[in-house]
Amino acid sequence: MSTILPARHQAPLPLDRIILRDAPGAEAIEMDVVIVGAGPAGLACAIELARLVKRDQESGGGMPDVGIAVLEKAGSLGEHNLSGAVVNPRAMRDLFPDHAPSDFPFRQPVAGEAVYFLTEGRAQRLPTPPTMHNAGYYTASICEIVRWLGERAEELGVNLFTGFPVDALLTEGSVVRGVRTKPSGLTRDGGRTGDYTEPTDLTARVTVLAEGTRGLLTQAWRQWQQVGSPNPPLFALGVKEVWESARPLDRVIHTLGWPLPNDAFGGSFFYPLGERQVALGLVVGLDYHEAALDVHELLQGFKLHPLIRPYLDGGQLLEWGAKTIPEGGYYALPERRCGDGVLITGDAAGFVDVPSLKGIHYAMQSGIYAARAIFDGLKRGDTSRSALAPYDRMVDESYIVADLHRTRNMRLAFKDGLYVGGFKAGLMTLTRGRFPSARIEMAEDAATPRHVAPAEPMAPDGKLTFGKLDAVFKSGNATRDTIPSHLLVGPEVSGEVADFYSHVCPAGVYERVGDELRVNPPNCVDCKATDVLGPRWTPREGGSGPKYRLM
């Protein structure tokens, strides 16, 4: 049996294109704070900072006006956001202490829950692990949460710029001075169309990287500033669908086992979103071993299971999407999340607790802490690394890091397979994380060899199961066919490697033609799975990619 080592075929990060030492252009927009990414972390940061400035001014504190800009690559708020999502409302309550739970943009409270171990035809109910209890939480659409937060930010005077992907950081010495956006209106070969728009420079005293999972700017800044972590970041790929259901679902369901092989880490979720909608998805760690493993196809098979199918038969697929998830946990957190003129928040920093399947409230809370550190720095006229260091202290002393520390080895234990990992995770739960006392060392996902074996392609029925192109259509993807490729393919891509990429990507971007790789950039939904295991992802013109409404 032959093997593929993904790291061998991956292009290096184009650092010279991302970390720029150019002076800002003559028409640069001057802001005080630029936030890259209008997700929960970025919008929470903007809201908290705008409020702190307003309160200081109303109390006579002497704070001048602060220009806050949030840059979002999607054409409209929420269109690139995807999550499960069962939401812990803790950070929402911190950000909006005067709101009642009914004021928040949630679908419904969690009324019940169940965990099952699946075989192909059966479902064995298991005791719900303590880390997965969801009493007091809510099911929600992250798209709806983001749109709601955006409205609150605009009410406070925050400048929201949608359709503005950020291409690079503007730097001077070790200081981040702002950002440069991606140009738009280029042809496939780099020529200019009649709709060409120059890149825009925005200067800032503080730049907040809230760009989400596998952030390009975050990767580049960490490499440039040599900011490491005890373990490398790890990622999973989640593929999700929202259905108009044939009958109501009365509980939150998670499953382990089938359709995943025993040496792959992951599981499924199945959540109610009101009486007529359900969300379901499959999440698989990207350190799996089989080159032909295909998360999209596994999800299609999962829908045929007797536990799931009765809810979908007679229903309708409303929306499809995919996204990577940071899974490294406590030992993969950056050694610091601040620098001269820059902070890292949310998924970009890896604030996700895999055993509890939660990240939204950590992202929002980190954005709140970032805002408080920025406010104090602006008040003193100092936005250096030392002035912004209270952000790291707030995070380190908070429930964010306390939660991640308690479950620090649980995801890592599953590198030995489902059964050994499950046994170890049980001991970790009983000892509240004290077992084992030492860190479980991990290699990056791309360093895991993949075994090549023949695979039978799925035959979708177009009713319950769908091929990748039909799925991409359901994402609302409206990318120009003539867009330049934003994907950087590495060296020595053989036919076997091309096959591997075609399975990694849930959106049909890659296909094997003979013994060569064909790339279809317009299909991309920005999940960034191959950025972890293959071709590098870089931003493309604003508004490209999916247009999620329900995710």
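Remember, it's a predicted structure, so these values are computed and weren't measured experimentally. (Residues numbered from 1 in each chain as written. Predicted model: local features only at pLDDT ≥ 70, side-chain atom pairs only at ≥ 80, totals over all residues. Heavy atoms only, no water.)

Helix and strand counts for the chain come out as 16 helices and 29 strands. Relative to its length of 551 residues, the chain is compact, with a C-alpha radius of gyration of 22 Å against a globular reference of 24 Å. By principal-axis analysis of the C-alpha atoms, the chain measures approximately 65 × 50 × 45 Å. Looking at the chain residue by residue over its 551 residues, the buried ones come to 59%. By sequence separation, contacts in the chain at least 24 residues apart represent 78% of the contacts at least 6 residues apart. By element, 50% of the accessible surface of the chain is carried by carbon and sulfur atoms, the whole surface being about 21,500 Å². Taken as two groups, the 57 positive and 66 negative side-chain charges of the chain have centres that lie 4 Å from each other. (Helix = DSSP H or I, 4+ residues; strand = E, 2+ residues; numbered from the N terminus. Rg over C-alpha atoms; globule rule 2.2 N^0.38 Å. Buried < 20%, exposed > 50% of the residue type's maximum accessible area, 1.4 Å probe, protein only. Contact = heavy atoms within 4.5 Å. Areas by Shrake-Rupley, 256 points an atom, 1.4 Å probe, with all protein chains shown as cover. Lys, Arg positive; Asp, Glu negative; His and termini not counted. Charge placed at Lys NZ, Arg CZ, Asp CG, Glu CD.)

Before going further, it helps to spend a moment on the pairing of strand β4 (residues 33-36). Side chains V33 and I35 of β4 all project onto a buried face; the interleaved residues V34 and V36 project onto the opposite face, where all are buried too. With four bridges connecting them, β4 and strand β5 (residues 68-72) associate as parallel partners. Paired with V33 across the two strands is I68, which belongs to β5. On the question of chirality, the crossover connecting β4 to the parallel β5 by way of helix α2 (residues 40-58) is right-handed. Two strands pair when backbone bridges link them, and β4 and strand β17 (residues 206-209) are joined in this way by four bridges, in the parallel orientation. Among the inter-strand pairings, V33 is bridged to a residue of β17, identified as V206. (Pairing = 2+ DSSP bridges. Right-handed = clockwise from strand over helix to strand, strands pointing away.)

Here the focus is the sheet that holds strand β6 (residues 86-87). Reading across the sheet, the three strands line up as β6-β10-β7 and stay open at both edges, with antiparallel pairing between neighbours. The strands lining the two open edges of the sheet, one partner per strand, are β6 and β7 (108-109). Pairing of β7 with strand β10 (residues 138-139) involves two bridges; the strand directions are antiparallel. What sits directly across from Q108, in β10, is T139.

Here the focus is the nonpolar core. Ranked by size, the top nonpolar core spans 149 residues in total, and within it L149 and I374 carry the most contacts. No other element matches helix α8 (residues 360-380), which puts twelve residues into this core. Excluding anything up to four places from it in sequence, L149 contacts P40, L43, I47, M92, L95, F96 and M364. With seven residues, the next largest nonpolar core counts V86, V252, F269 and Y271 among its residues. (Core = buried A, V, L, I, M, F, W, Y, C linked by side-chain atoms within 4.5 Å.)

In this structure, A85 follows G84 across a cis peptide bond, with omega equal to -5°. You can see A85 is positioned in the loop between β5 and β6. Non-glycine residue L357 carries a positive phi angle of around 60°. Residue placement: L357 occurs in the loop between β24 (342-344) and α8. Given the relative accessible area of 42%, L357 is considered partly exposed.

Time to look at the environment of Y311. Inspection of the secondary structure puts Y311 in helix α7 (residues 309-312). It is 7.5 Å that separates the C-alpha atoms of Y311 and L249, two residues lying 62 residues apart in sequence. For Y311, the residues in contact, after removing those within four places along its chain, are S245, A246, R247, P248, L249 and F270.

Before going further, it helps to spend a moment on the pattern of salt bridges. Summed over the entire model, instances satisfying the criterion amount to 33 salt bridges. The closest approach of N and O atoms between D294 and K468, which form a salt bridge, is 2.8 Å. Placement of the pair is D294 in the loop between β21 (277-285) and α6 (295-302) and K468 in helix α14 (residues 468-474), with a sequence separation of 174 residues. K468 matches D294 in its accessibility class, with the two residues each being buried. A salt bridge links R512 to D499; the shortest N-O distance between them is 3.0 Å. Taken together, the positions of R512 in strand β27 (residues 510-513) and D499 in helix α15 (residues 495-504) put the pair 13 residues apart, joining distant regions of the chain. Relative accessible area serves as the criterion here: at 33%, R512 is assigned to the partly exposed category. (Salt bridge = Lys/Arg side-chain N within 4 Å of Asp/Glu carboxyl O.)

Our focus in this paragraph is α6. Of all the eight residues making up α6, six are buried; the element is thus mostly covered by neighbouring parts of the structure. For α6, the side-chain oxygen to backbone nitrogen distance between the N-cap and H296 is 3.2 Å, and the N-cap itself is D294. (Polar contact = N/O pair within 3.5 Å; in protein donor to acceptor, adjacent residues only side chain to side chain.)

Right, let's get into the packing of α2 against helix α4 (residues 142-155). Relative to each other, α2 and α4 sit at 20°, their axes nearing to 9 Å. The orientation of α2 with respect to α4, classified from their angle, is roughly parallel. Helix-helix and strand crossings are classified by hand; for α2 and α4 the assignment is left-handed. Together, P40, L43 and I47 of α2 and I142, V146, L149, G150, R152 and A153 of α4 make up the contact between the two elements. Considering only residue class, the contact of α2 with α4 consists of seven nonpolar, one polar and one charged. (Axes fitted to C-alpha atoms, helices over the stretch in contact; angles between N-to-C directions. Parallel < 35°, antiparallel > 145°, perpendicular 65-115°, else oblique. Left-handed = near helix turned anticlockwise from the far one by under 90°. Nonpolar A, V, L, I, M, F, W, Y, C, P; charged D, E, K, R; others polar.)

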